[in-house]
Amino acid sequence: MPILIHNPGSIDFAKPGKHHYQVAFHLDGTWGYSLLPLTVINGRRGASAENVICFGGTHGNEYEGQIAVKRLCADLDPGAMAGRVVLIPQLSESACNANSRVSPLDGVNMNRAFPGKAHGSISYRIAHFVKTRIFPLGRVVIDIHSGGKEGAFPICASFHPIPDRAQQAETAAAARLFDTPFVFIYASSIASGLLTDEAEAEGKVTVGGEFGGGETTSRKGVRHAYEGVLNVLRHYGLLEGEISKIRPAGAPPQQLVKADRLDQYVPCPRDGIWEPVVDLGVAVNEGDLIGRLHDFSDHGGPALEIRARRAGFIAMMHLSARPSKGQTLYVAAEAVDWSAVI
Ligand SMILES: [Zn+2]
């Protein structure tokens, strides 16, 4: 069983070997705790400056990251490793227990809570713990997401546009290691308070990604998340061995796409019943039909056709059949040549 920790300051993050902890964050309004799962591995083959931190369960209803990171907690062997790996499979533990995007304890979305607050509600305190105690432990940060109930994505690793060229090139190279069909450069302006925002701002190599969706467990998504992290560990010399190909032999080259402007995130113009007519990941041209919004109050009338505003790859689409006015209906991301970032 994990070692119960009441005082995070008491964890020896340099202790050789593999150690499983539960960090107890007291609840805000009742007696009890959120028990944050934490595994720290210090390899027995020497230190490294390229240590890796990996999160799953930042959103509680996204499962590929929770499963992949939990399996890594069990599988990684410190005897075969150099450097340090820090694994947190359920960052918003209360949201994970509730199958919820946000924590039911304080209504806070962990991926909007950064940099956190030392004396805030529980999600802010956990974010503050990550910012002050966990981020200093590594140079590479991985945060594994899925679409939850909101969006469907082609499986992708992702990162933000980064002004520093060297940081961007290293980040893009790390994102490629997940061997996902798409690597997605997404807009920083779509939200604030992200775990990845905070890590990037500290200059870390920071990779996110969407590895499934719909509150299911994608077999492919788990494989890309798990094997992708192993590839990152190999890339930085923490594990020995060659980078492994994750997609089947003969798979097309990884497509780099970018949607770094808000006008590429197209809102639903009105409530309706959504009938997509293209698949995730396909390329569309300007004017192509993406889908139809149906209004059953006038079932003899035509549907509202939603057509592509510009050419691109469908990098996200609303998941449910019932989008509301203003929700993002789809994202058309533009193709980018790898030479632009690496
Ligand atoms: Zn998420």
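Everything numeric in this text was worked out from a predicted model, so none of it was measured.

What about the overall build of the protein?
Piece 1. The secondary structure content of the protein amounts to six helices and 18 strands.
Piece 2. Relative to the globule expectation of 20 Å for 342 residues, the C-alpha radius of gyration of the protein, 21 Å, shows essentially globular dimensions.
Piece 3. Principal axes of the C-alpha set define a box for the protein whose edges measure 70 × 50 × 35 Å.
Piece 4. Carbon and sulfur atoms provide 53% of the accessible area of the protein, an area that totals close to 14,600 Å².

So, unusual backbone geometry
Piece 1. For the bond from Phe114 to Pro115, the omega torsion is 10°, close enough to zero to count as cis.
Piece 2. Mapped onto the fold, Pro115 is located in the loop between helix H2 (93-97) and helix H3 (122-134).
Piece 3. If you check the backbone angles, Asp179 has positive phi at about 50° while not being a glycine.

Remarks on the coordination of the zinc ion
Piece 1. Within the first shell, the zinc ion binds the protein through His59 (ND1), Glu62 (OE), Glu62 (OE) and His145 (ND1), at distances of 2.1 to 2.4 Å.
Piece 2. Relative to the metal, the four donor atoms surrounding the zinc ion lie at angles of 56 to 149°, and the coordination shape comes out irregular.
Piece 3. The motif formed by the donor residues of the zinc ion, counted along the single chain, is H-x2-E-x82-H. Pair noted here: Glu62 is in the loop between strand S4 (52-55) and helix H1 (63-75) and His145 is in the loop between strand S6 (140-143) and strand S7 (151-152), with a separation of 83 residues, a long-range link. An identical accessibility class is assigned to Glu62 and His145; each is buried.

Thoughts on helix H6 (residues 219-235)
Piece 1. With 17 residues, H6 ought to run about 24 Å at 1.5 Å a step, and its terminal C-alpha atoms sit 24 Å apart, in line with that.
Piece 2. In terms of burial, H6 is a largely internal element, twelve of the 17 residues being buried.
Piece 3. Here the buried face of H6 lies against S4, H1, strand S5 (84-88), S6 and helix H4 (165-176).
Piece 4. Directly after H6, the chain includes Gly237, whose backbone phi takes a positive value near 80°.

A few points about the nonpolar core
Piece 1. Counting 40 residues, the largest nonpolar core has Leu76, Leu87 and Leu233 as its most contacted members.
Piece 2. Counting residues per element, this core draws most heavily on H6, at six residues.
Piece 3. Sequence-distant contacts of Leu233, defined by excluding residues within four places in its chain, comprise Val52, Leu76, Val85, Leu238 and Leu239.
Piece 4. Membership of the second largest hydrophobic core comes to 30 residues, among which are Ile5, Tyr21, Phe25 and Ile134.

Let's talk about the pattern of salt bridges
Piece 1. For the structure shown, the criterion picks out 17 salt bridges.
Piece 2. The salt bridge partner of Arg261 is Asp263, with a shortest N-O separation of 3.2 Å.
Piece 3. Overall, the relative accessible area of 33% leaves Arg261 in the partly exposed class.
Piece 4. With a relative accessible area of 38%, Asp263 lands in the partly exposed category.

Examining the pairing of strand S3 (residues 33-42)
Piece 1. Extensive coverage of S3 is indicated by the burial of eight of its ten residues.
Piece 2. Alignment of strand S2 (residues 17-26) against S3, held across ten bridges, turns out to be antiparallel. Pairing of Val23 across the sheet is with Leu36, part of S3.
Piece 3. Between S2 and S3, which pair antiparallel one after the other, the connecting turn spans six residues, and Gly32 there sits at a positive phi close to 130°.
Piece 4. Pairing between S3 and S5: four bridges, direction antiparallel. Looking at the pairing, Ile41 lines up with Val85 of S5.

What about the packing of aromatic side chains?
Piece 1. Within this structure, the stated rule accounts for six aromatic pairs.
Piece 2. Considering the side-chain rings of Phe114 and Phe135, the 6.3 Å spacing of their centres and the 20° angle between planes classify their relative orientation as stacked. In this pair, Phe114 is assigned in the loop between H2 and H3 and Phe135 in the loop between H3 and S6, connecting sequence segments 21 residues apart.
Piece 3. Centroid distance Phe184 to Tyr186: 6.3 Å. Interplanar angle 50°. Geometry classified as tilted.

As for H1
Piece 1. Taking 1.5 Å per residue as the helical rise, H1 with its 13 residues ought to reach 18 Å, and the 18 Å between its terminal C-alpha atoms agrees with that figure.
Piece 2. Buried within H1 we find Tyr63, Glu64, Gly65, Gln66, Ala68, Val69, Leu72 and Cys73.
Piece 3. Looking at the buried positions of H1, the neighbouring elements they touch are S2, S3, S4, S5, H2 and H6.

With respect to the sheet that holds strand S13 (residues 273-276)
Paired through their backbone hydrogen bonds, the strands of a sheet run either parallel or antiparallel.
Piece 1. The sheet built from three strands is open, its strands ordered S13-S15-S16 with antiparallel pairing. Each edge of the open sheet is held by one strand with a lone partner, namely S13 and strand S16 (304-307). With strand direction ignored, the average angle separating the axes of adjacent strands in the sheet is 25°.
Piece 2. As paired elements, S13 and strand S15 (residues 289-294) share four bridges and run antiparallel to each other. What sits directly across from Glu275, in S15, is Arg292.

Thresholds, definitions, all that
- Residues numbered from 1 in each chain as written.
- Predicted model: local features only at pLDDT ≥ 70, side-chain atom pairs only at ≥ 80, totals over all residues.
- Heavy atoms only, no water.
- Helix = DSSP H or I, 4+ residues; strand = E, 2+ residues; numbered from the N terminus.
- Rg over C-alpha atoms; globule rule 2.2 N^0.38 Å.
- Areas by Shrake-Rupley, 256 points an atom, 1.4 Å probe, with all protein chains shown as cover.
- Donors = N, O, S within 2.8 Å, 3.2 Å for Na, K, Ca; no water.
- Tetrahedral: all angles 85-135°; square planar, octahedral: opposite > 155°, others 65-115°.
- Buried < 20%, exposed > 50% of the residue type's maximum accessible area, 1.4 Å probe, protein only.
- Expected span 1.5 Å × (residues − 1).
- Contact = heavy atoms within 4.5 Å.
- Core = buried A, V, L, I, M, F, W, Y, C linked by side-chain atoms within 4.5 Å.
- Salt bridge = Lys/Arg side-chain N within 4 Å of Asp/Glu carboxyl O.
- Pairing = 2+ DSSP bridges.
- Phe/Tyr/Trp six-rings, centres within 6.5 Å; stacked < 30°, edge-to-face > 60°.
- Axes fitted to C-alpha atoms, helices over the stretch in contact; angles between N-to-C directions.

This is a description of form; function is not addressed.
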